[in-house]
Amino acid sequence: MKFVDLKKEYLYFKDDIDEAVKNAFNSGRYLFGSNLERFQKDFSSFIGKKHGIGVKNCTDAILLTLRATWKEGMPIILPNFGAYPTAVAAKNITSNLYYVDVDETLTIDASKLPDDVKGGIVIVVHLFGNNCDMEKITEYCKKNNHILIEDCAQSTGSGSGVHGDYSVFSFYPTKPLAAMGDGGMICTDHNPEIFEKLRFCGYKPGTDNIDVLGVNSRLDEVQSSILSAKLNRFTVLNEKRREICGRYQQIVKGFRARKGCVFHQFVVRLRERATVIESLDKEKIPYIIHYKKHSSEVPALAGVHNHVGFRVNENCLSFPCHPFLEEEEIQVVEDFLRRFKDYEI
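Rules used throughout
Residues numbered from 1 in each chain as written. Predicted model: local features only at pLDDT ≥ 70, side-chain atom pairs only at ≥ 80, totals over all residues. Heavy atoms only, no water. Salt bridge = Lys/Arg side-chain N within 4 Å of Asp/Glu carboxyl O. Helix = DSSP H or I, 4+ residues; strand = E, 2+ residues; numbered from the N terminus. Buried < 20%, exposed > 50% of the residue type's maximum accessible area, 1.4 Å probe, protein only. Expected span 1.5 Å × (residues − 1). Bend = angle between axes of the 7 residues up to and from the residue. Polar contact = N/O pair within 3.5 Å; in protein donor to acceptor, adjacent residues only side chain to side chain. Pairing = 2+ DSSP bridges. Axes fitted to C-alpha atoms, helices over the stretch in contact; angles between N-to-C directions. Contact = heavy atoms within 4.5 Å. Phe/Tyr/Trp six-rings, centres within 6.5 Å; stacked < 30°, edge-to-face > 60°. 1 Å grid on protein atoms, 1.4 Å probe; cavity = no way out; pocket = protein on both sides within 12 Å on 5 of 7 lines; lining within 4 Å. Points joined across faces, edges and corners; volume = space filled by probe spheres on them. Nonpolar A, V, L, I, M, F, W, Y, C, P; charged D, E, K, R; others polar.

Colleague: Give a detailed account of the pattern of salt bridges, specifying residues and quantitative values.
Modeller: Counted by the stated rule, this structure contains 22 salt bridges. Taking the shortest distance from any N to any O, the salt bridge between E344 and K253 comes out at 3.9 Å. With a gap of 91 residues between them, E344 in the segment after α10 (327–340) and K253 in the loop between α8 (234–249) and β8 (266–269) connect regions that are remote in the sequence. In this structure E344 comes out as buried when scored by relative accessible area, which is 12%. On the basis of relative accessibility, which here comes to 51%, the residue K253 falls in the exposed class. Across the pair E278 and K282 runs a salt bridge whose closest N-O atoms are separated by 3.8 Å. Linking E278 with K282, this pair stays in helix α9 (residues 273–282), spanning four residues, or about one helical turn. Among the residues examined, E278 registers a relative accessible area of 45% and is labelled partly exposed. K282 gets classed as exposed once you look at its relative accessible area, which sits at 62%. Here the salt bridges do not stand alone but share partners, grouping R247, E327 and E334 into one network.

Colleague: I'd love a proper account of helix α1 (residues 6–27), names of residues and values included.
Modeller: Under the 1.5 Å per step criterion, the end-to-end length of α1 is only 27 Å for 22 residues, more than 12% shorter than the ideal 32 Å. The largest bend in α1 comes to about 75°, at K14. Listed in full, the buried residues belonging to α1 are E9, F13, I17, A20, V21 and A24. N-capping of α1 is provided by D5, with a side-chain oxygen placed 3.4 Å from the backbone N of K7.

Colleague: Could you give me a rundown of the sheet that holds strand β6 (residues 166–170), with the residues and numbers involved?
Modeller: An order of β1-β7-β6-β5-β4-β2-β3 is seen for the seven strands of this open sheet, with the pairing classed as mixed. Strands at the two margins of the open sheet, each flanked by one partner only, are β1 (51–55) and β3 (97–100). Strand-to-strand, the axes of this sheet are offset by a mean angle of 20°, without reference to chain direction. The sheet contact formed by strand β5 (residues 147–151) and β6 spans three bridges and is parallel. Residue D151 lies in a different strand from β6, and its bridge partner there is V168. This element, helix α3 (residues 58–69), spans β1, β2 (76–79), β4 (121–125), β5, β6 and β7 (184–188) of the sheet and lies at about 160° to β6. Sheet contacts for helix α5 (residues 134–144): β2, β4 and β5; angle to β5, the most-contacted strand, approximately 150°.

Colleague: Run through the packing of aromatic side chains, naming residues and quoting values.
Modeller: Applying the stated criterion across every chain yields a total of 22 aromatic pairs. Taken together, a centroid distance of 5.3 Å and an interplanar angle of 85° make the contact between F43 and F171 edge-to-face. One end of the pair, F43, is in helix α2 (residues 34–47); the other, F171, is in the loop between β6 and β7, and 128 residues separate them in sequence. Judged by relative accessible area, which is 0%, F171 ranks as buried. Among the aromatic side chains, those forming a connected cluster through ring pairs are F81, Y84, F128, Y248, F255, F263, F266 and Y291.

Colleague: Tell me about the layout of surface pockets, and name the residues and values.
Modeller: As a volume, the largest pocket reaches approximately 600 Å³. In terms of lining residues, the largest pocket is bounded by 33 residues, among which A83, Q154, K175, H264 and Y291 are the most central. Secondary-structure elements contributing two or more residues to the lining of the largest pocket are α3, β2 and α4 (84–91). Of the residues assigned to the lining of the largest pocket, the class counts are 17 nonpolar, 12 polar and four charged.

Okay, here's the thing in structure tokens:
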């Protein structure tokens, strides 16, 4: 059993991918061509935004969005639990970070958003494919004059990405919509011109002038063609994850899922996690600990508000739920969960 099986995913899309890649190579243009243009348009339309800007990865997508929106002195509010690249991008901009606890959905606790912080940027993360409470969050941002960025790196296809001023996506090979390499996207209804410059060193399109300092961050033609080949059918894989995790949820609660959750991971909070892991190792069932530290507890990522009230890092454990699990493998995980369900918090 594998925790994720990228080879089986390739074989599922093989004919479409092979044809798309062949056409991309035969075009003789490998950057800023028709494949990127088509994918940007189709993907942003799928999300529900007017514009899409393809970049190298989701970390770049966050960093460039912050560089386009952040002004001196602005605070950045973000969740204190999740993949570190979100916090890495924010810390590259400022140390004026306000970390907020997650709740039992493992997404940012909207009730803990600070009312005394105004005029900043809020980054919410739809962690493990689970949607944040966007109704409360958008209301909070309007009330406090915050720019809202949705980090949808793990939630593509959940309905996320439409509420924020900007939404960012990852096409890392393990993500719901996956490239066969790296890739990311910024989606927005605002004028995309600043991102066209930022992702290409800062050049003003059509000129030799650099009027803003940018970076090299490009979604290439080959990855764009692969993503386009998958776009119309990848949601079938999300449905399979939902089906598998629905079976698991008949045995254990797992994290509290909101409508639309695509279960990028199936996470259970467990007491005596080390004991459970010892048994998983003996039975050769793969697992991952997401994530071992809260972001603010990583020294390089600390901000101005680093309180951790809900210590989910000490008990979270992720079980296999990828859409290519065989029935026998699903049953093995189900049997394990039955035997250890009393360990669930």
